[in-house]
Amino acid sequence: MAVTSIRFNQEDEKIINFLRKTLNSDTSSVVKRALYDLYEEIREREIIEEFEVRESESEVHFSTLDESPVAKN
């Protein structure tokens, strides 16, 4: 497991303390949660952008539930 030191200025420290109290968590968990939330946001944006490209190239087809293979079983 890697150990990373992070320096926070006073404003950052206020935010960290607020989040620690609000989430009833330690600093490490708050930073990890923020890290994963940011990563998830970026990945979702990439997925949406990829979908929009496919949609603009008419490669997207929507089906009704009745057309779904699941509905035919």
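Here we summarise the structure given alongside this text. None of these values were measured; they are calculated from a predicted model. (Residues numbered from 1 in each chain as written. Predicted model: local features only at pLDDT ≥ 70, side-chain atom pairs only at ≥ 80, totals over all residues. Heavy atoms only, no water.)

Considering the arrangement of structural elements, one finds Asp-66 in the segment after α2 (27-56). For Asp-66, a relative accessible area of 67% translates into the label exposed. Taking the C-alpha atoms as reference points, Asp-66 and Ala-2, 64 residues apart in sequence, are found 51 Å from one another. (Helix = DSSP H or I, 4+ residues; strand = E, 2+ residues; numbered from the N terminus. Buried < 20%, exposed > 50% of the residue type's maximum accessible area, 1.4 Å probe, protein only.)

A full pass over the atoms with the stated rule returns 2 salt bridges. Residue Arg-45 is joined to Glu-41 by a salt bridge in which the shortest nitrogen-to-oxygen separation is 3.3 Å. In this pair, Arg-45 and Glu-41 both sit in helix α2, 4 residues apart, roughly one turn of the helix. In this structure, the salt-bridge partner of Arg-43 is Glu-46, at a minimum N-O distance of 2.3 Å. Placement of the pair is Arg-43 and Glu-46 together in helix α2, with a separation of 3 residues, close to one helical turn. Overall, Glu-46 belongs to the partly exposed group, its relative accessible area being 32%. (Salt bridge = Lys/Arg side-chain N within 4 Å of Asp/Glu carboxyl O.)

The next thing to look at is the packing of helix α1 (residues 10-23) against α2. Running from amino to carboxyl end, α1 crosses α2 at an angle of 95°, the nearest separation of the two axes being 9 Å. By the angle between their axes, α1 is roughly perpendicular relative to α2. Note on element contacts: α2 touches α1 through Thr-27, Val-30, Val-31 and Arg-33, opposite Ile-16, Leu-19, Arg-20 and Leu-23. (Axes fitted to C-alpha atoms, helices over the stretch in contact; angles between N-to-C directions. Parallel < 35°, antiparallel > 145°, perpendicular 65-115°, else oblique. Contact = heavy atoms within 4.5 Å.)

A separate point is α2. The first and last C-alpha atoms of α2 sit 44 Å apart over 30 residues, in line with the 44 Å expected at 1.5 Å per residue. In the stretch just after α2, Ser-58 is the one whose phi turns positive, near 60°. (Expected span 1.5 Å × (residues − 1).)

Before going further, it helps to examine a negative patch on the surface. Residues Glu-49, Glu-50, Glu-52 and Glu-55 make up a contiguous surface patch of negative charge. Structurally, Glu-55 is set in helix α2. (Patch = residues over 30% accessible without salt bridge, like charges linked within 9 Å, V, L, I, M, F, W, Y side chains within 5 Å. Areas by Shrake-Rupley, 256 points an atom, 1.4 Å probe, with all protein chains shown as cover. Lys, Arg positive; Asp, Glu negative; His and termini not counted. Charge placed at Lys NZ, Arg CZ, Asp CG, Glu CD.)

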